[in-house]
Amino acid sequence: MQKSASASSLGPGGLDLSNIFFKPIQNTSPPSPTKRHTKISVIGVGNVGMAIAQTILTQDLADEIALVDAQPAKLRGEMLDLQHAAAFLPRTKIIASTDYSVTVGSDLCIVSAGARQIAGESRLNLLQRNVALFRGIIPPLAKYSPGTILMIVSNPVDVLTYVAWKLSGFPSNRVVGSGTNLDSSRFRFLIADHLDVNAQDVQASIIGEHGDSSVALWSSISVGGVPVLSFLEKQQIPYEKETLEGIHKAVVDSAYEVISLKGYTSWAIGYSAANLARSILRDQRKIHPVSVLAKGFYGIDDGDVFLSLPTLLGRGGVLGVTNVNLTDEEAQRLRKSAQTILKVQSQLGL
C-alpha cells in the first residue's frame, strides 16, 4: 500500500512540480546534523491504535507516523482520514502498509494489535493466539528498526511485553509495556475527585499486574506534596481500610465499565501511550508506572517477569527503577502479583 499521491506530482506524466514552484535559494548550508527526524510506528489500527495515532499527531510528537495492519482497506481508509486533516495539524508524514518494511528506521514502535476474545474462549487460549500473532509482528519490527524501542499496549500487557522481549532479542531497557500508567491516571482521578482538587496535584501510583492483582501504593500517596495517610493520622482523622480498597477496586473495574457502556476503551489509553512516547522520545526522564523486567527489584527473584514498577523513562528507554519505600503488605502483594503473571507465562512454552 502506497501513500496518497503528493500534490507535488500533479504535472504531466507525474512531473514533480515542487522544484518548479519554488525557486531554490543559492549558497545554502545543509541542515544541522543535530536535528532529528522522529518516526513512530503504530501496529494495529483498531480503536486503540487509532486513538494512539491521533493523540501523537495532535501533540506533535513525530515527524513521521507509519501505520501497519493486516486489513488493507481499513488501513488505507484510516491513513487517508488522518491525511485529510493535514491543514489542522502539525506537519507530519503519514504512511501505511500491510508490509512491515514501512516501519524501517522507527524510533518507537507501539504495538496495539491483538486477537479478540471469542465467546466461551479461555484467557489462556486467547493469550496463545496473541502470542502467535506477536510471532508475526515483533521479529519484522526488530529487523527493520534494530535500534527502536518497543512499547506494548496489547493485553494482557505484562505477559505480551515479556513475549515481545523474548521474540525481539532486544535488551530489556528497550522493551516496555504501557502497564499501569493508565490505571494510575484513573487512581489519581478518583482521589482528586474525592478531595476536589486537580488530578495533576495528586501523586499516586498503582504497580504490579495490569489487572486484578495490581497493587495500590497508599503509603506513598501525596496531594500537593502532603502525604495523605500520615496527614490523616496526625490530624487524628479516622479512615477505614475498606474505603481505600473500594477506590482501588473502582480503578480495576473502571475499564470494564467503559467497555460495557461503549464496547471498548480507546481515548484514555491513547493519551497514556502518547504520554509515554513523549517521555521517551523527548528524553523527559519522567517516572511512570510501566511494565518492565522486574527481576531483581523489590524481592522479585523467581524468574523473568514483566510488571509495572515506578520507572524512569528517557531516550534510552528504561533508565532505572525508583526505590519506593513499600510497606510489608505492599511488597508482599507485589510479589504475589509477580507470581500470578509467572504462572501464566509458564504455560506459554517460550
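Residues numbered from 1 in each chain as written. Predicted model: local features only at pLDDT ≥ 70, side-chain atom pairs only at ≥ 80, totals over all residues. Heavy atoms only, no water.

- An unreviewed UniProt entry lists the protein under the name L-lactate dehydrogenase, from Salix purpurea.
- Of the protein, the UniProt comment under Pathway (unreviewed entry) reads exactly: "Fermentation; pyruvate fermentation to lactate; (S)-lactate from pyruvate: step 1/1."
- According to the UniProt record, the Catalytic activity (unreviewed entry) comment for the protein is "(S)-lactate + NAD(+) = pyruvate + NADH + H(+)". (UniProt positions renumbered as here; feature names shortened; annotations may be inferred.)

**A few points about the overall build of the protein**
Step number 1: If you tally the helices and strands in the protein, you get 11 helices and 14 strands.
Step number 2: Considering the protein as a whole, with its 350 residues, one finds that 45% of them fall into the buried category.
Step number 3: For the protein, the proportion of contacts with a sequence separation of at least 24, taken over those separated by at least 6, is 69%.
Step number 4: Only carbon and sulfur atoms are counted for the fraction: they give 53% of the accessible area of the protein, which is about 18,200 Å². (Helix = DSSP H or I, 4+ residues; strand = E, 2+ residues; numbered from the N terminus. Buried < 20%, exposed > 50% of the residue type's maximum accessible area, 1.4 Å probe, protein only. Contact = heavy atoms within 4.5 Å. Areas by Shrake-Rupley, 256 points an atom, 1.4 Å probe, with all protein chains shown as cover.)

**Here's the deal with the sheet that holds strand β11 (residues 226-227)**
By definition, the strands of a sheet pair up through backbone hydrogen bonds, in either a parallel or an antiparallel sense.
Step number 1: An order of β7-β10-β11 is seen for the three strands of this open sheet, with the pairing classed as antiparallel. Where the open sheet ends on each side, the last strands, each with one partner, are β7 (202-203) and β11.
Step number 2: Here strand β10 (residues 222-223) runs beside β11; their pairing, made up of two bridges, is antiparallel. Bridging across to β11, valine 223 finds its partner in valine 226. (Pairing = 2+ DSSP bridges.)

**Let's talk about unusual backbone geometry**
Step number 1: Of note, the amide linkage connecting asparagine 155 to proline 156 takes the cis form, showing an omega dihedral of 0 degrees.
Step number 2: Mapping proline 156 onto the fold places it in the loop between β5 (149-152) and α6 (157-168).
Step number 3: We note that aspartate 196 has phi near 60 degrees; this positive angle belongs to a residue other than glycine.
Step number 4: Inspection of the secondary structure assignment puts aspartate 196 in the loop between α7 (181-195) and β7.
Step number 5: Given the relative accessible area of 72%, aspartate 196 is considered exposed.
Step number 6: Backbone geometry at aspartate 283 places phi at a positive 50 degrees, although glycine is not the residue there.
Step number 7: Within the secondary structure, aspartate 283 sits in the loop between α10 (267-281) and β12 (286-293).

**Re the packing of aromatic side chains**
Step number 1: Evaluation of the coordinates by the stated rule reveals three aromatic pairs.
Step number 2: Residues phenylalanine 187 and tryptophan 218 carry aromatic rings whose centres are separated by 5.1 Å and whose planes lie at 85 degrees to one another, so their mutual orientation is edge-to-face. Remark: tryptophan 218 occurs in the loop between β9 (215-216) and β10 and phenylalanine 187 occurs in helix α7; sequence separation between them is 31 residues. Taken individually, phenylalanine 187 and tryptophan 218 each receive the classification buried, so the pair is uniform in this respect.
Step number 3: The positively charged end of arginine 174 is found above the aromatic ring belonging to phenylalanine 170, 4.3 Å away from the centroid. (Phe/Tyr/Trp six-rings, centres within 6.5 Å; stacked < 30°, edge-to-face > 60°. Lys NZ or Arg CZ within 6 Å of the ring centre and 35° of its normal.)

**Re the packing of α7 against helix α9 (residues 241-262)**
Step number 1: Two elements in contact, α7 and α9, have axes separated by 9 Å at closest approach and are oriented at 130 degrees. Classified by the angle their axes make, α7 and α9 are oblique. α9 is crossed by α7, and the crossing has right-handed handedness. Residues Asp183, Arg186, Phe187, Leu190 and His194 of α7 pack against Ile247, Ala250, Val251, Ser254 and Ala255 of α9.
Step number 2: Broken down by class, the residue content of the contact of α7 with α9 amounts to six nonpolar, two polar and two charged. (Axes fitted to C-alpha atoms, helices over the stretch in contact; angles between N-to-C directions. Parallel < 35°, antiparallel > 145°, perpendicular 65-115°, else oblique. Left-handed = near helix turned anticlockwise from the far one by under 90°. Nonpolar A, V, L, I, M, F, W, Y, C, P; charged D, E, K, R; others polar.)

**Observations regarding a nonpolar patch on the surface**
Step number 1: Among the surface-exposed residues, Val226, Phe231 and Ile237 lie close enough to one another that they form a single nonpolar patch of about 230 Å² accessible area.
Step number 2: With respect to the helices and strands, the residue phenylalanine 231 is situated in helix α8 (residues 228-234). (Patch = residues over 30% accessible without salt bridge, like charges linked within 9 Å, V, L, I, M, F, W, Y side chains within 5 Å. Salt bridge = Lys/Arg side-chain N within 4 Å of Asp/Glu carboxyl O.)

**Some remarks on the nonpolar core**
For soluble globular proteins, the rule of thumb is that nonpolar side chains tend to be buried together.
Step number 1: Among the nonpolar cores identified, the biggest contains 81 residues, and Ile56, Leu67, Met151 and Leu334 are the most heavily contacted of them.
Step number 2: Sequence-distant contacts of methionine 151, defined by excluding residues within four places in its chain, comprise Leu108, Cys109, Ile110, Val111, Val176, Ala273, Leu276, Ala277 and Ile280.
Step number 3: Of all hydrophobic cores here, the second largest spans 15 residues; its members include Phe187, Ile191, Val202 and Leu232. (Core = buried A, V, L, I, M, F, W, Y, C linked by side-chain atoms within 4.5 Å.)

**Re the layout of surface pockets**
Step number 1: Size it by volume and the second largest pocket reaches roughly 730 Å³.
Step number 2: What lines the second largest pocket is a set of 25 residues, among which Ser184, Arg188, Ala204, Ile287 and Pro289 lie closest to the centre.
Step number 3: Only α7, β7, α10 and β12 provide two or more residues apiece to the lining of the second largest pocket.
Step number 4: With six residues, α7 is the largest single contributor of residues to the lining of the second largest pocket.
Step number 5: Classifying every residue of the lining of the second largest pocket by side-chain character gives 12 nonpolar, 11 polar and two charged. (1 Å grid on protein atoms, 1.4 Å probe; cavity = no way out; pocket = protein on both sides within 12 Å on 5 of 7 lines; lining within 4 Å. Points joined across faces, edges and corners; volume = space filled by probe spheres on them.)

**Let's talk about the pairing of strand β14 (residues 317-321)**
Regular strands show a simple pattern: their side chains alternate between the two faces of the sheet.
Step number 1: Note that strand β13 (residues 306-314) and β14 share four bridges and pair antiparallel. Across the sheet, the residue bridging to threonine 311 is valine 321, located in β14.

**Structural notes on the side chain of threonine 148**
Step number 1: On the secondary structure map, threonine 148 appears in the loop between α5 (138-144) and β5.
Step number 2: With residues up to four places along the chain from it excluded, the contact list for threonine 148 reads Ser106, Asp107, Leu108, Cys109, Phe170 and Arg174.

**So, the pattern of salt bridges**
Step number 1: A full pass over the atoms with the stated rule returns six salt bridges.
Step number 2: Across the salt bridge formed by lysine 249 and aspartate 253, the nearest N and O atoms sit 2.5 Å from each other. Of this pair, lysine 249 and aspartate 253 both sit in helix α9, four residues apart, which is roughly one turn of the helix.
Step number 3: Among the residues examined, aspartate 253 registers a relative accessible area of 30% and is labelled partly exposed.
Step number 4: Among the charged side chains, a salt-bridge network with shared partners connects Glu245, Glu329 and Arg333.

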